[in-house]
Amino acid sequence: MKLVTFTHAGSTRAGVLTESGDIADIGSPMLDMLADGSLLERSQKALVGGVTIATGDVTVEAPVPRPPKVLAIGLNYRDHAEESGQPIPQRPVVFAKMPTCIVGPDHTIYIPRVSHAVDWEAELCFVIGKMARYVSAADATTHVAGYCAGNDVSVRDWQFHSPTWMMGKSFDTHGPIGPWLVTPDELDVADLGVRLYVNDDLKQDSNTNQLIFGIGEIIEYLSVGFTLEPGDVVFTGTPAGVGGARRPPQFLKPGDTVRVEIDGLGVLSNPVAEDPA
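Residues numbered from 1 in each chain as written. Predicted model: local features only at pLDDT ≥ 70, side-chain atom pairs only at ≥ 80, totals over all residues. Heavy atoms only, no water.

Caption draft 1: Just the pairing of strand β15 (residues 193–198), in detail. By the criterion of burial, β15 is predominantly enclosed, with six of the six residues buried. Of the strand pairs in this sheet, β15 and strand β16 (residues 201–207) are connected by six bridges, and their pairing is antiparallel. From the neighbouring strand, Val-194 faces β16, where its bridge partner is Ser-206. Here β15 folds back onto β16 in antiparallel fashion, the turn holding two residues, of which Asn-199 has a positive phi close to 55°. Looking at chain direction, β15 and strand β18 (residues 257–262) are connected through five bridges and run antiparallel. Across the sheet, the residue bridging to Tyr-197 is Arg-259, located in β18. (Buried < 20%, exposed > 50% of the residue type's maximum accessible area, 1.4 Å probe, protein only. Helix = DSSP H or I, 4+ residues; strand = E, 2+ residues; numbered from the N terminus. Pairing = 2+ DSSP bridges.)

Below, the structure is given as structure tokens:
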């Protein structure tokens, strides 16, 4: 199933994408149903007998608009570690993004007042569906609610203000995800094409089979340290082709459109503009 969060008639709630492209209305927020474990059952019921709404009549939001936690894995593709001049990691390189960075498809990515070194990073993301603590890699994917495309937008100069990277990774609007969550039964995420375009110019072109640490290994590692909760979003890393590694460097600018495509997960497209704040 493809699970979507949408706003219609002043209310934001979850739905299921139907074969005709409409949305079967589930009637409750995504995070609430992830938390109480009812998401899949209610999604199936909505597909059978729920009220449907035309996609053109809604605003599609981030699948989980305000996650409890947003975590990310750095340098998780060998070619990206090499282009960054970094050694191949021996364990996952974990950093955090603030939940307020999360936006959905078609939402504007803002260039902040303090920097114009705003870079792109196409990523496979997953959302936790069941609480996870000390989970083995073999059992880890049973804790995943679904997968989506993401763009780990990065303010490169601010990223290196400290070793944690967090400031440069957490600016408002710098965590687009979507356009929907695809449930794990729908696809094998170990072999998906990952592409990113800026204004239809292909910048990144790789495959999730190049991940150094897979989904199971990531969950096993994270869940040793802290509890993963329903609704947590994890960015799994980006392949080679980021703008900051190019010579000369290339960065997003107002008027651009950046598009992430991951096989089976749809297209995540966002315009770029100066921050109006």
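Caption draft 2: Inspection of the state of the cysteines at higher detail. On inspection of all chains with the given rule, the structure shows zero disulfides. Here Cys-101 is not disulfide-linked; the sulfur of Cys-125 is the nearest cysteine sulfur, at 9.8 Å. Under the relative-accessibility criterion, Cys-101 is labelled buried at 0%. Unpaired in this structure, Cys-125 has its nearest cysteine sulfur neighbour in Cys-148, at a distance of 4.8 Å. Judged by relative accessible area, which is 0%, Cys-125 ranks as buried. (Disulfide = S-S within 2.5 Å.)

Caption draft 3: Region of the structure containing helix α2 (residues 39–49). Looking at α2, one finds that the buried residues are Leu-39, Ser-43 and Ala-46. The arc that holds the buried residues of α2, viewed along the axis, is 60°, so those residues lie on one side. Across from the buried face of α2, at angles greater than 90 degrees, the exposed residues are Lys-45, Val-48 and Gly-49. Along its buried surface, α2 packs onto β1 (2–8), β2 (11–17), β3 (23–25) and α1 (30–36). (Arc of directions from axis to C-beta. Contact = heavy atoms within 4.5 Å.)

Caption draft 4: Representation of the side chain of Gln-204 in the model. Tracing the chain through its elements places Gln-204 in strand β16. Within the local environment of Gln-204, its side chain forms a polar contact with the backbone oxygen of Pro-239, the two atoms lying 2.8 Å apart. Not counting residues up to four positions away in its chain, the partners in contact with Gln-204 are Trp-120, Glu-121, Ala-122, Val-194, Arg-195, Leu-196, Thr-238, Pro-239, Ala-240, Gly-241 and Val-242. (Polar contact = N/O pair within 3.5 Å; in protein donor to acceptor, adjacent residues only side chain to side chain.)

Caption draft 5: Structural view of helix α6 (residues 215–225). By the burial criterion, the buried members of α6 are Ile-215, Gly-216, Ile-218, Ile-219, Leu-222 and Ser-223. Looking down the long axis of α6, one finds its buried residues gathered within 160° of arc, a one-sided arrangement. Of the surrounding secondary structure, the elements contacted by the buried residues of α6 are β6 (70–74), β7 (93–97), β11 (122–128), β12 (144–151) and β17 (233–235).

Caption draft 6: Layout of the packing of aromatic side chains. Taken as a whole and judged by the stated rule, the model has three aromatic pairs. With a centroid separation of 6.5 Å and an interplanar angle of 75°, the aromatic rings of Phe-160 and Trp-165 are classed as edge-to-face. When its relative accessible area of 16% is taken as the criterion, Trp-165 is described as buried. Here the aromatic cluster, defined as three or more aromatic residues joined through ring pairs, consists of Phe-95, Phe-160 and Trp-165. The cationic tip of Lys-97 hangs over the ring face of Phe-235; the distance from NZ or CZ to the ring centre is 5.6 Å. It is Arg-259 that lies over the ring of Tyr-197; its NZ or CZ is 4.3 Å from the centre. (Phe/Tyr/Trp six-rings, centres within 6.5 Å; stacked < 30°, edge-to-face > 60°. Lys NZ or Arg CZ within 6 Å of the ring centre and 35° of its normal.)

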